[in-house]
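What follows is the residue order along each chain.
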Amino acid sequence: GYSPDITFDVEVRIGSSGGAISYSATNISNIYHQITTNLLPGTFYYWSVRSVYKRGILGEEQISDWSPFHSFQTWGSGTLVIPNPSYPTDNLDV
C-alpha cells in the first residue's frame, strides 16, 4: 500500500535518455503527477522516476536508483485544430 513516508522525484528529458532535462519535480507525494510546463509538439520525451523514503530525515533517508527510462511522444504541430464531427449525419439521433 501507500506510505506517507515515500515521495517521488521525476525527470523528463527531451530527444533521448541522455538529452537535456526539460522538466523535473521533487517531493511528489501522489502516485500520479501532471507536468506543469508546456511540451513541444511532435517531440519524443524520456522520463524516469525514483523514490525517496523519509526524505530529509538524517540517518533514515533512503533514495532509490532512477528507474529505466520510458518514452512518450507528443503529437501535432502546436496549432489548435477544431474537430469536424463526421457522425452522426443527417441529424440522426444515436
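Quick caveat: nothing in here was measured; it's all calculated off a predicted structure. (Residues numbered from 1 in each chain as written. Predicted model: local features only at pLDDT ≥ 70, side-chain atom pairs only at ≥ 80, totals over all residues. Heavy atoms only, no water.)

Trainee: Describe the nonpolar core, naming the residues involved and giving the relevant values.
Mentor: Core analysis: the biggest nonpolar cluster contains six residues, these being Val10, Val12, Tyr23, Ala25, Ile28 and Tyr45. Secondary-structure elements contributing two or more residues to this core are strand E1 (6-14) and strand E2 (21-28). Considering each element in turn, this core owes the most residues, three residues, to E2. Those residues in contact with Val12 that sit more than four places away from it in its chain are Ala20, Ile21, Ser22, Tyr23, Ile35, Tyr45, Tyr46, Trp47 and Phe72. (Core = buried A, V, L, I, M, F, W, Y, C linked by side-chain atoms within 4.5 Å. Buried < 20%, exposed > 50% of the residue type's maximum accessible area, 1.4 Å probe, protein only. Helix = DSSP H or I, 4+ residues; strand = E, 2+ residues; numbered from the N terminus. Contact = heavy atoms within 4.5 Å.)

Trainee: Account for the environment of Thr37, with residues named and values stated.
Mentor: Mapped onto the fold, Thr37 is located in the loop between E2 and strand E3 (44-53). Here the alpha-carbon distance between Thr37 and Tyr23, two residues 14 residues apart in the chain, equals 7.4 Å. Once residues lying within four places of it in the same chain are set aside, the contact partners of Thr37 are Ser22 and Tyr23.

Trainee: Please provide a residue-by-residue account of the pattern of salt bridges, values included.
Mentor: Tallied over the entire structure, the rule returns four salt bridges. Between Arg50 and Asp9 there is a salt bridge, with its nearest N and O atoms 2.9 Å apart. Residue Arg50 is located in strand E3, and its partner Asp9 is located in strand E1; the two are separated by 41 residues in the primary sequence. Relative accessible area serves as the criterion here: at 24%, Arg50 is assigned to the partly exposed category. Judged by relative accessible area, Asp9 falls into the buried class, the value being 3%. Put simply, Asp9 and Arg55 hold a salt bridge, and the shortest N to O gap is 2.7 Å. (Salt bridge = Lys/Arg side-chain N within 4 Å of Asp/Glu carboxyl O.)

Trainee: Describe in detail the side chain of Thr43, supporting the description with residues and values.
Mentor: Mapping Thr43 onto the fold places it in the loop between E2 and E3. We classify Thr43 as buried; its relative accessible area is 14%. When sequence neighbours within four positions are dropped, the list of residues in contact with Thr43 reads Ile14, Phe72, Gln73 and Thr74.

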